Structures are given as C-alpha cells and as structure tokens.
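One letter stands for each residue in the lines below.
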Amino acid sequence: SGLVHVVGTRPNFVKAAPVVSALSARGVRQRVVHTGQHYDDALSAVFFRELGLPRPDVDLGVGSGTHAAQTAALMTGLAEEFAACSPEAVIVYGDVNSTLAAALVAAKENIPVAHVEAGLRSFDWTMPEEVNRRLVDQMAELCFATSPEAVGHLAREGIDVSRIHLVGNPMIDTLLAHLDRFDAQGLRTELGLPERYVAATLHRPANVDNPEVVSHLVARLGEVAEQVPLVIPVHPRGRAALEAAGLTGHPQVRLLPPLGYRQFVSLARGAAAVITDSGGVQEETTMLGVPCLTLRATTERPVTVSHGTNRLVDAAELPAAITKILDDTAATEARRSGVAHSTTATGPPMWDGQAGQRIAEVVL
Ligand code: UD1
Ligand code: UDP
C-alpha cells in the first residue's frame, strides 16, 4: 500500500522530485519505482544524486527496445511490481513509454492513476509522446495541468472537470529550487567554453532517426557554427547519426556527453540562444529568459511561444534565426552593461515553484 511514483527517463526524474518531496514532507508512505527505460548514469543516476530524489526502491531494468517490445516489458515488469506492493494510487509523469505502460497496467488493476503534466497537446499523432499523453489522460483519475491551455484540451476531450487540476509546473519547481546552483560563468571555466556560445540538444525521432534529415540538419548547424561556437550535449539516441553526418569534425562545434542537471541548466542559462527539440528545455529557457529555437513543426507547450522566448523553426530557418538573436543580444547586452545578472526568474502564471505542494494537497 501507499503511493507509487513510476519514473523511467531523464525528464521524469526532474518532474517527480518536487512531488515526492512535498508528499514526503507530509509524512506520506511512498515508493519510487524506476522502470529502467533510461539506464546510463548520465541519463539516470546523476539526477537522483543531484535532485535529492530518494534512490528508487526498485529498478525494473527494462532498458531499450522497439516501442512494442519496450512497452510490453514495461507492462510486465510494472504488473509484477504493483501485484507485490499493492499501491493505493500510482503517480505518472509526462509522456514517455514508462508513463503509458504504468497508467495502462494500473487502470486495468483498478488502481487510481494521477498524471502529472496532463493535457499537453501537439496535435501531431506521429509523435509517440502525443499517443502516450492522450491515452494516459483518458485513464487518469487525476489530471494535473501546467497551463490553462492544457485544462482546455482535457475538458474538450470529455474529461470531467472534477478530475482536472491546474497546479503549475513541477519541472519549474525543480529549476527554481536549484536556481542559485546554475552558475553560467563557473560552467564556462569548468568546461573551457567561450564567453559567447549557442547550446543545442536534439533527440526527437523526427530529427535524428532519418539519415537524410540528419544530414540536412547538420549542414545547417554547420552554418550556425560559422557564426558562433556551438555546444551540444548529445543524447545517445542521436549520437551515431549526428557523428556520421559530420558534426564531429567542425572546429566550432563542441560535442559533449549528456550533462547532469546542474551543468546543463548552467549551460542553457549562459547561452546566447538554445536550439532544441526537447519539451522540457523549451520550458526551462522560458523561465530563464533565454531565447530558444525549437526545431519542430508543432509544440505541445505553446505558452513558451506566447511568453516570447521560444520560436518554432525548421532547419533551413536556423542560421538566419540565430543571426537575428545574436544581433538582438548584442544590442541588449550593450543596454544592460554593468547590470548584474538577475538571480530571480519570472515565467507563465503559476510557474512559481509550488506545483509539487499543490499536487500533494490534491492527492491527500
Ligand atoms: C525517451 C522518450 C522521449 C523523451 C526522452 C527524454 C519515449 C517513447 N520516448 O526518448 O519522449 O523525450 O526519452 O530523454 O518514451 N539509450 C542509451 N542509454 C540510455 C537510454 C537509451 O544509450 O540510458 C539509447 C538506446 O540506443 C535507445 C535509444 O537511446 O534505443 C532510445 O531510448 P528510448 O528510451 O527508447 O527513447 P528516447 O529516445 O530516450
Ligand atoms: N537535461 C540535462 N542534461 C542534458 C540535456 C537535458 O540535464 O544534457 C535536462 C533538462 O534540463 C530538462 C530535461 O533534461 O530538465 C529534459 O529532458 P529531455 O530533453 O531529454 O526530454 P523531453 O523534455 O524532451 O521529454
């Protein structure tokens, strides 16, 4: 009995930390189940060390595979786990395969499901994440939304309003809790980075799985690197393809392994711009006030665009979009010369560091 949190991938850990912590402060019995979808230290253990998230009570060691094989292994492992520990409720995060598998197993066992980060919609069913989040929201007894748009999507899909709670953004709780650790200048020294650089992350199948797409993208990233040094902590999914397409050889491109949380957010904070296809990174740059170019045709996080930090671009638009940001940045820096960097951050409504607390209040 007690609550069970199911996590499996890098962004899950960042979102779960404040929820686990808020429930723990209220003395709730809980268990953290790691599915093992991400297993490299740099995608998994480093987050537990850095975020004060309790070590998983169990790691199912599911690992990688096709969607079918991975989802099947996740379901089998989670079914055994739930049978052994009889959760009162299962809390799932985001939109990864571990999220779908946990919700599906729990729903069939009549165990209540709470979905953290419900209602995000890209309306692009070719994204595996869109399939996962749509289905999970239908199964969840509690849907925790990060923005009013998300509430609207859920309501329009027929989910009863009594199940929907607008609570803010737990990924931003984590960012705010660690804000004073994100030292851009310290990281420049630590990694030997130049004063001005652009950071990039890429891992969406639509960008990194097809060699022709990758080759076009790498050519455009090369044009960006002609303008400004480019620093890319590479997700394992894209590494081989990006290297094969020639990203390694460019003198102004620095490829790094995936970074831990402190290092990555420090890198983003100190960047002139961030290029990404990540979901979470669009939100973090919004909160940090760093210009973000998202290499996607759609975003399930439109608030990052309306807030003014994020812009959706295709690869062909990237070099000119970077030129524009660099010109604007030069102007902004000139205006701000002598003014210390802000240690606070402001973002969309309710992105205030209290989402974990609000979730705990609803769950209890
Ligand atoms: C998964 C999520 C994606 C999320 C991303 C966060 C799904 C369908 N996708 O994508 O929504 O944005 O995590 O980072 O759930 N690999 C390693 N080491 C690891 C884990 C994976 O090398 O620790 C490699 C393997 O070659 C694997 C590939 O990465 O085949 C993809 O891993 P997988 O978990 O299937 O999906 P991600 O692309 O990581
Ligand atoms: N992140 C990190 N190191 C990296 C890249 C990303 O710690 O090298 C963090 C980032 O700050 C955010 C989360 O990982 O908190 C986002 O995960 P990812 O981009 O893998 O997944 P998505 O958000 O697209 O599902």
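Analysis parameters
- Residues numbered from 1 in each chain as written.
- Chains lettered and ligands numbered in written order.
- Predicted model: local features only at pLDDT ≥ 70, side-chain atom pairs only at ≥ 80, totals over all residues.
- Heavy atoms only, no water.
- Core = buried A, V, L, I, M, F, W, Y, C linked by side-chain atoms within 4.5 Å.
- Buried < 20%, exposed > 50% of the residue type's maximum accessible area, 1.4 Å probe, protein only.
- Contact = heavy atoms within 4.5 Å.
- Phe/Tyr/Trp six-rings, centres within 6.5 Å; stacked < 30°, edge-to-face > 60°.
- Helix = DSSP H or I, 4+ residues; strand = E, 2+ residues; numbered from the N terminus.
- Axes fitted to C-alpha atoms, helices over the stretch in contact; angles between N-to-C directions.
- Parallel < 35°, antiparallel > 145°, perpendicular 65-115°, else oblique.
- Nonpolar A, V, L, I, M, F, W, Y, C, P; charged D, E, K, R; others polar.
- Pairing = 2+ DSSP bridges.
- 1 Å grid on protein atoms, 1.4 Å probe; cavity = no way out; pocket = protein on both sides within 12 Å on 5 of 7 lines; lining within 4 Å.
- Points joined across faces, edges and corners; volume = space filled by probe spheres on them.
- Domains from an automatic or database assignment.
- Near = heavy atom within 4 Å.
- Polar contact = N/O pair within 3.5 Å; in protein donor to acceptor, adjacent residues only side chain to side chain.
- Areas by Shrake-Rupley, 256 points an atom, 1.4 Å probe, with all protein chains shown as cover.

Q: Explain the nonpolar core residue by residue, including any values.
A: One finds Leu 175, Tyr 261 and Leu 267 to be the most contacted residues of the largest nonpolar core, which totals 52 residues. Once you skip the residues sitting within four places of it in the chain, Leu 267 turns out to touch Leu 187, Leu 193, Tyr 197, Ala 199, Val 231, Pro 233 and Leu 259. Val 198, Val 218, Leu 247 and Leu 295 belong to the second largest nonpolar core, which has 29 residues in total.

Q: Report on the packing of aromatic side chains, specifying residues and quantitative values.
A: Summed over the entire model, instances satisfying the criterion amount to three aromatic pairs. Where Phe 13 meets Phe 48, the ring centres are 4.9 Å apart and the plane angle is 55°; that geometry is what we call tilted. One end of the pair, Phe 13, is in helix H1 (residues 10-25); the other, Phe 48, is in helix H2 (residues 45-51), with 35 residues separating them in the sequence. For Phe 48, a relative accessible area of 5% puts it in the buried group.

Q: How would you sum up the packing of H1 against helix H7 (residues 170-177)? Please name residues and give values.
A: One can describe the packing of H1 onto H7 by two numbers: an axis separation of 7 Å at closest approach and a directional angle of 80°. By the angle between their axes, H1 is roughly perpendicular relative to H7. Between H1 and H7, the residues in contact are Pro 11, Val 14, Lys 15, Ala 17, Pro 18 and Val 19 and Pro 170, Met 171, Asp 173 and Thr 174, respectively. Partitioning the contact of H1 with H7 into residue classes produces seven nonpolar, one polar and two charged.

Q: Quick rundown of the sheet that holds strand E5 (residues 113-118)? Include the residues and the values.
A: In spatial order, the strands read E3-E2-E1-E4-E5-E6-E7; together these seven strands make up an open sheet with parallel pairing. One side of each edge strand has no neighbouring strand; the edge strands of this open sheet are strand E3 (58-59) and strand E7 (164-166). Along the sheet, helix H5 (residues 128-139) contacts strand E4 (89-93), E5 and strand E6 (142-145); its crossing angle with E5, the most-contacted strand, is approximately 140°. In this fold helix H6 (residues 148-156) packs onto E5, E6 and E7, with an angle of close to 170° to the strand it touches most, E7.

Q: Which residues make up empty space enclosed by the protein, and what are the values?
A: In this structure the tally under the stated criterion is one cavity of 30 Å³ or more. Lining the largest cavity we find 13 residues, and of these Leu 120, Ser 147, Glu 300, Arg 301 and Pro 302 sit closest to its centre. Looking at the lining of the largest cavity, the element that brings in the most residues is H6, giving three residues. A breakdown of the residues in the lining of the largest cavity according to their chemical character gives four nonpolar, four polar and five charged. Of the residues that make up the lining of the largest cavity, three or more belong to each of domain 1 (3-169 + 350-363) and domain 2 (180-336).

Q: Could you give an account of the site of ligand 1, with specific residues and numbers?
A: Surveying the vicinity of ligand 1 reveals 17 residues, the closest of which are His 38, Tyr 39, Asn 97, Glu 129 and His 203. Measuring from an oxygen atom of ligand 1, one finds a side-chain N or O atom of His 38 at 2.7 Å. Note that an oxygen atom of ligand 1 is positioned 2.8 Å from one of the side-chain N or O atoms of His 203. If ligand 1 stood free it would expose 740 Å²; the protein chains cover 84% of that surface.

Q: For the side chain of Glu 81, give the residues involved together with the corresponding values.
A: Position of Glu 81 among the secondary structure elements: in helix H3 (residues 67-85). Owing to a relative accessible area of 7%, Glu 81 belongs among the buried residues under this scheme. Ignoring sequence-local partners within four residues, the contact set of Glu 81 consists of Arg 31, Val 33, Val 58 and Leu 60.

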